[in-house]
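Notes for the structure review
Listed here are the chains, written in short residue letters.
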Amino acid sequence: MPAAAQPRRRFTRAIAVACTGAAVLALPFIGATSASAAPTETSATTLAGYPNNLDGWIRESLAIMAERGIPGTYNGIYRNIMRESSGNPNAINLWDSNAAKGIPSKGLLQVIDPTFAAYHVPGTSYDPYDPVANITAACNYAAARYGSIDNVFGAY
C-alpha cells in the first residue's frame, strides 16, 4: 500500500470511531428520554372520564354534541380554538368592540355572555370559562349560524 494512502485510512477509521462513540453516548440519553416520558401516574380527568386537557375537553364536547345532533369535528374545533384562544380556557378579550360594550369574549372559543346563554347546551356548566361548556355552546351557535364549527375560518 502506498504511504500516501495510510493517513487517509487512519483518518477514515478515526471518523468511524468518533461517530460510533457519539452513537453509543447518545443511546443512554435516548433510553432515558423514553423512560422518563412514560406516564407513572394517571393524569387528572373530567367527571365524565376524559383527560382534563384540551384534547379531553374537545372529545367530551364532541360526545355531548353527538347526543344533541350538533355537527362538528375535532379538527374544526381545534383549529378555531387555536385561532381564538391558543387553547387557554381562561382567555378573555378586553380590547375589541364587544369588550368596549362591556361584554368581552371569554374562554376557549371566545364566546360573549349573551351568545353563551342563548346557545348553552343542557347538561354542561353555566360557566362560560368551563372548557366543555364553552366549546359545546360555541359549536351550537356555529351550527345555527354557519352549519357547523367546521365552516368557521375567522372571527365569528
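Residues numbered from 1 in each chain as written. Predicted model: local features only at pLDDT ≥ 70, side-chain atom pairs only at ≥ 80, totals over all residues. Heavy atoms only, no water.

Side note on the packing of helix H2 (residues 54–68) against helix H6 (residues 131–146)
How we decide: Note on definitions: angles span 0 to 180 degrees between N-to-C directions of axes, and those axes are lines fitted to C-alpha atoms, for helices only across the stretch in contact. Segments assigned H or I by DSSP are reported as helices when at least four residues long, segments assigned E as strands when at least two residues long, and all are numbered from the N terminus. Should an angle fall under 35 degrees it is taken as roughly parallel, and over 145 as roughly antiparallel, whereas 65 to 115 is taken as roughly perpendicular and any remaining angle as oblique. Handedness of each helix crossing follows the sense of rotation of the near helix against the far helix: counterclockwise by less than a right angle gives left-handed, clockwise gives right-handed. Contacts are residue-level and defined by heavy atoms, with any inter-residue pair within 4.5 Å sufficient. All residues other than Ala, Val, Leu, Ile, Met, Phe, Trp, Tyr, Cys, Pro, Asp, Glu, Lys and Arg, Gly among them, are scored as polar; the first ten of these are nonpolar and the last four charged.
Where H2 contacts H6, the axes come no closer than 9 Å and their chain directions differ by 50 degrees. Taken together, the axes of H2 and H6 lie oblique to each other. Two packed elements cross with a definite hand, and for H2 against H6 that hand is right-handed. Facing Trp57, Ile58, Glu60, Ser61, Ile64 and Met65 of H2, the residues of H6 in contact are Pro131, Val132, Ile135, Thr136 and Cys139. Looking at side-chain class alone, the contact of H2 with H6 contains eight nonpolar, two polar and one charged residues.

Considerations on helix H3 (residues 74–84)
Formally: Burial status follows relative accessibility: with a 1.4 Å probe on protein chains alone, a residue under 20% of its type maximum counts as buried, one over 50% as exposed, and anything between as partly exposed. Working definition: the arc comes from the directions between the helix axis and the C-beta atoms, pointing outward to the latter.
Among all positions in H3, only Gly76, Ile77, Asn80 and Ile81 are buried. Angularly, the buried residues of H3 cover 125 degrees about the axis, an arc narrow enough to put them on a single face. Elements that come into contact with the buried residues of H3 comprise H2 and H6. Within two residues after H3, Ser86 carries a phi angle of roughly 55 degrees, on the positive side.

Considerations on the pattern of salt bridges
What counts here: In the sections that follow, a salt bridge refers to a side-chain nitrogen of Lys or Arg positioned within 4 Å of a carboxyl oxygen of Asp or Glu.
Counted according to the given criterion, the structure contains three salt bridges. One salt bridge connects Asp55 with Arg59, and the closest N-O pair in it is separated by 3.0 Å. Highlighted residues: Asp55 and Arg59, both in helix H2, separated by four residues, approximately one helical turn. A residue is classified by how much of its surface remains accessible, and Asp55, at 29% relative accessible area, is partly exposed. Exposure remark for Arg59: the relative accessible area of 35% places this residue in the partly exposed category. Residue Lys106 pairs with Asp113 through a salt bridge whose shortest N-O separation is 3.0 Å. Overall, Lys106 belongs to the buried group, its relative accessible area being 13%.

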